[in-house]
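Residues per chain, in single letters:
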Amino acid sequence: MAITLRAVAHPTLPGPVRRHGPGLALAAAGVALAWAVHRAVPAVPMLTAAVVLGVTAGQLPALRPLVGGAAKAGLGLASKRLMRAGIVLLGLKLGLRDVLGLGWASVLMVLTVVAATFFGTVWLGRRLGLPGDQPLLIATGYSICGASAIGAVGQAAGSEEEDMATSAALVTLCGTLAIAVLPLLRTPLGLDAGEFGRWVGAGVHDVGQVVATAQTAGAEALREAVLVKLMRVAMLAPLVAGVGIVLARRGPRAGKAGAKPPVLPLFVVGFLAMVAVNSTGLVPAVALSLAAHAQELLLATALFALGSAVRLSSLTRTGARVALLGLASWVLIAGVAYGGVLLTS
């Protein structure tokens, strides 16, 4: 890896390559390792592994000078622009027909779960005195789609990278625990396969974690889980737009560049455009498959970069409060989702 990083920083290369190359090369190596972890342990989604490896890279004494020095610009590029590109491609996993096919009762259940989790988590986070945008970002990650949603709202709000990285790490941890915990609760809670799938889709954060959890109950559970989960993903665009409207009304934020954030960021427009394109049914299956792989690689690269920005030493101030908020939000979304499934079954 050291040879590769020195090569991309060679003085004869163009300026942008010298500036961003080391960080992008480090992120690419991290993604390759995350892919290897996923292949070895399929229950661990590649995006989850990427975040964990990024956090690890940021703490290792051998890599810390590189992460904060020569690789910093490239990692920053990955955490912002590649994140936006991945979110745009995420729209190709959604279709209006799939969402409407859930039925209005399920749609109302999903809306209730998202609203209760989002506003409940923000309220509790403020009560706990968490700094910066952490309450907003953690609420977004739990209520919508994990680290991808945190990246989207963080980009729209101009959040600090460390707030985004801390929130992504917390949501990733809880979502990973759900893979092991939720299947154990299926029988005690009296859920059949379809009900379990809807519960998982409504209550687990990342798409990969939803798939890993729901597949333990079979094909029916997996199908129901993915449909409900995609309905939650569809809430990403209105949530980002809502955050943009609120922040635009408040004016420039302290410590930020003077411009107001856009009400609807360009990458959200791209996300909606991809949803519309996929809804036509004209996109070939091969193209959708390639886009899905590209989206996962882009988000994995961005999440590795975000994870590398985490400084565990700085979390000692809020570590217990962050953990408490994560646990409370996890219980909240699981409880509201379970009640919603019972009422709509």
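Here, the structure is the one placed above.
Owing to the predicted nature of the structure, the values given are computational and were not obtained by experimental measurement.

Definitions and limits used
- Residues numbered from 1 in each chain as written.
- Predicted model: local features only at pLDDT ≥ 70, side-chain atom pairs only at ≥ 80, totals over all residues.
- Heavy atoms only, no water.
- Helix = DSSP H or I, 4+ residues; strand = E, 2+ residues; numbered from the N terminus.
- Buried < 20%, exposed > 50% of the residue type's maximum accessible area, 1.4 Å probe, protein only.
- Axes fitted to C-alpha atoms, helices over the stretch in contact; angles between N-to-C directions.
- Parallel < 35°, antiparallel > 145°, perpendicular 65-115°, else oblique.
- Left-handed = near helix turned anticlockwise from the far one by under 90°.
- Contact = heavy atoms within 4.5 Å.
- Nonpolar A, V, L, I, M, F, W, Y, C, P; charged D, E, K, R; others polar.

Observations regarding the environment of Gly 69
Thought 1: Along the chain, Gly 69 turns up in the loop between α4 (64-68) and α5 (72-90).
Thought 2: The class for Gly 69 is partly exposed, based on a relative accessible area of 36%.
Thought 3: Sequence-wise, Gly 69 and Gly 23 are 46 residues apart; in three dimensions their C-alpha atoms are separated by 9.2 Å.

Here we look at the environment of Gly 158
Thought 1: Among the structural elements, Gly 158 can be located in the loop between α9 (147-157) and α10 (161-189).
Thought 2: Distance from Gly 158 to Asp 133, taken between C-alpha atoms, is 9.3 Å for residues 25 residues apart in sequence.

Quick word on the packing of helix α7 (residues 104-127) against helix α17 (residues 319-344)
Thought 1: Here α7 crosses α17 at 160°, and the two axes come no closer than 9 Å. One finds that α7 runs roughly antiparallel with respect to α17. The way α7 lies across α17 gives a crossing that is right-handed. From α7, Ala 105, Met 109, Thr 112, Val 113, Ala 116, Thr 117, Gly 120, Thr 121, Leu 124 and Gly 125 reach across to α17, where they touch Leu 325, Ala 328, Ser 329, Leu 332, Ile 333, Val 336, Ala 337, Gly 340, Val 341 and Thr 344.
Thought 2: For the contact of α7 with α17, the per-class residue count stands at 12 nonpolar, 8 polar and no charged.

Quick word on the side chain of Asn 278
Thought 1: Tracing the chain through its elements places Asn 278 in helix α15 (residues 266-279).
Thought 2: For Asn 278, a relative accessible area of 16% translates into the label buried.
Thought 3: Discounting residues that sit within four places of it in the chain, Asn 278 has contacts with Gly 91, Leu 92, Lys 93, Leu 94, Gly 95, Val 283 and Leu 288.

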